[in-house]
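Structural overview for review
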Amino acid sequence: MITILSGGTGTPKLIEGLRHLVRDEELTVIVNTADDIWWNGLYVSPDVDTVLYLFANILDTEKYWGIRGDTFYALKQLTRYDAEWTWFSIGDKDLATHIIRTYLLKKGLKLHEIVKYLSRKLGVKATILPMSNDRVETIVETDIGVMNIQEYLVKYRAEPEVYNVKFPGLERALPAPGVIDSIRNAEIIIIGPSNPINSIGPIINLKEVRETLRKTEVPIVAVSPIISGKPVSGPADKFMKALGYDPSPIGIVEIYKDFLDGIIIDVADKVYVEKIERKYGIKAKATNTIMLTLKDKVKLAEEVLDLAKSLK
Ligand code: GDP
């Protein structure tokens, strides 16, 4: 059993590769929910849905959100009504997911039960776990004001300067049922190349999760989302700097050092291999980590599994 910690873009790319090496039934994905939003009265869980659609083979892998070939008629109509949040595009088929999720939430089901239900209906064989059933938000403090993470990422295209990133609700949030067990019972744990602050950060900082990661004997390996000082996409460098981390593989290691056993970094950053191994005692390997083609994804997934096996 392999347990993967994921956000909504970088790690799903790696999962595409893993699926060619390991059966879906062998994969458990703990997904960030700290960037969930209420969108015109509907509960939207962007990272969970990306992972859900990926395993259902319907993900739009050009954008890494939404359903392939979806239309946007409802969004257009909502715009005519001056609805809020219409800058956050939601397709028509995607909308159905949010309607049923909200309906089930209002009936009293928990988020993890709903994800399980949607997984079953979409024929998903992997286990997808929202990190928590409790509401956690991501708030970004910027030079143009304080805003929700989706506003920052989508409405303002991650352009404003960032002073701080906060997670209201995180201190009190409990890991969803299944999360702790999936860490304890894993044979390998993978921290995917997702934003370490706002995608992986909320998961590892949940009560009990960090402790469990520290205590487990299972090899924990990460893939750096930062290459030559820049993320492949998104604002990871800005967020890391705002919180006092160097936007480099060293900064990534600093965030995960208390539980990490191995890390894959990009060849462009190979100068850091020695330092990571010497200073932190963490095994490092440099290889191509840019996932453009399926071949890149499978190759990187192979490297991750090989590194983990070498650490057993
Ligand atoms: P979000 O939930 O959409 O914000 O996405 P994630 O946090 O899962 O993914 C964003 C991170 O993925 C960024 O920090 C990127 O640098 C990283 N990423 C995206 N594509 C790649 C890739 O091909 N290789 C690597 N190494 N990182 C990637």
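In the block above lies the structure referred to throughout.
Keep in mind it's a predicted model, so treat the numbers as computed, not measured.

What counts and what doesn't
- Residues numbered from 1 in each chain as written.
- Predicted model: local features only at pLDDT ≥ 70, side-chain atom pairs only at ≥ 80, totals over all residues.
- Heavy atoms only, no water.
- Near = heavy atom within 4 Å.
- Polar contact = N/O pair within 3.5 Å; in protein donor to acceptor, adjacent residues only side chain to side chain.
- Areas by Shrake-Rupley, 256 points an atom, 1.4 Å probe, with all protein chains shown as cover.
- Helix = DSSP H or I, 4+ residues; strand = E, 2+ residues; numbered from the N terminus.
- Buried < 20%, exposed > 50% of the residue type's maximum accessible area, 1.4 Å probe, protein only.
- Contact = heavy atoms within 4.5 Å.
- Phe/Tyr/Trp six-rings, centres within 6.5 Å; stacked < 30°, edge-to-face > 60°.
- Lys NZ or Arg CZ within 6 Å of the ring centre and 35° of its normal.
- Core = buried A, V, L, I, M, F, W, Y, C linked by side-chain atoms within 4.5 Å.

A look at the site of the ligand
Taken together, 19 residues lie near the ligand, and Thr9, Ser194, Ser199, Val232 and Thr289 sit nearest. Here Gly10 contributes a backbone N or O atom positioned 3.1 Å from an oxygen atom of the ligand. The side chain of Ser194 places a nitrogen or oxygen atom 2.5 Å from an oxygen atom of the ligand. Alone, the ligand offers 590 Å² of accessible surface; in the complex the protein occludes 93% of this.

Quick word on the side chain of Asn198
Its location among the elements puts Asn198 in the loop between β9 (188-191) and α8 (201-204). Residue classification places Asn198 among the buried positions, given a relative accessible area of 5%. Among the polar contacts listed, one links the side chain of Asn198 to the side chain of Asn195, at a separation of 2.6 Å. In this view, Asn198 contacts Asn32, Thr138, Ile149, Phe167 and Phe239; residues no more than four positions away in its chain are not counted.

What about the packing of aromatic side chains?
All chains considered together, the criterion is met by five aromatic pairs. Aromatic side chains Trp38 and Tyr43 sit 5.2 Å apart centroid to centroid with 70° between the ring planes, which places their arrangement in the edge-to-face category. According to the relative accessible area criterion, Trp38 is partly exposed, its value standing at 38%. Assessed through its relative accessible area of 6%, Tyr43 is described here as buried. Positioned over the ring face of Tyr64 is Lys13, at 5.6 Å from the centre of the ring.

Considerations on helix α1 (residues 10-18)
Of all nine residues that make up α1, nine are buried, and the element is covered over most of its length. Residues of α1 that are buried sit in contact with β1 (2-6), β2 (27-31), α2 (46-55), β9, β10 (220-223) and α13 (294-310).

Topic: the nonpolar core
Counting 51 residues, the largest nonpolar core has Ile191, Tyr256 and Ile263 as the members making the most contacts within it. The biggest single contributor to this core is helix α11 (residues 249-256), with five residues. Beyond its immediate stretch of four places on either side in the chain, Ile191 contacts Leu5, Ile200, Ile220, Val221, Ala222, Val223, Tyr256, Phe259 and Leu260. The next biggest cluster of nonpolar side chains, apart from the first, holds 38 residues, and it includes Leu27, Tyr53, Phe55 and Leu300.

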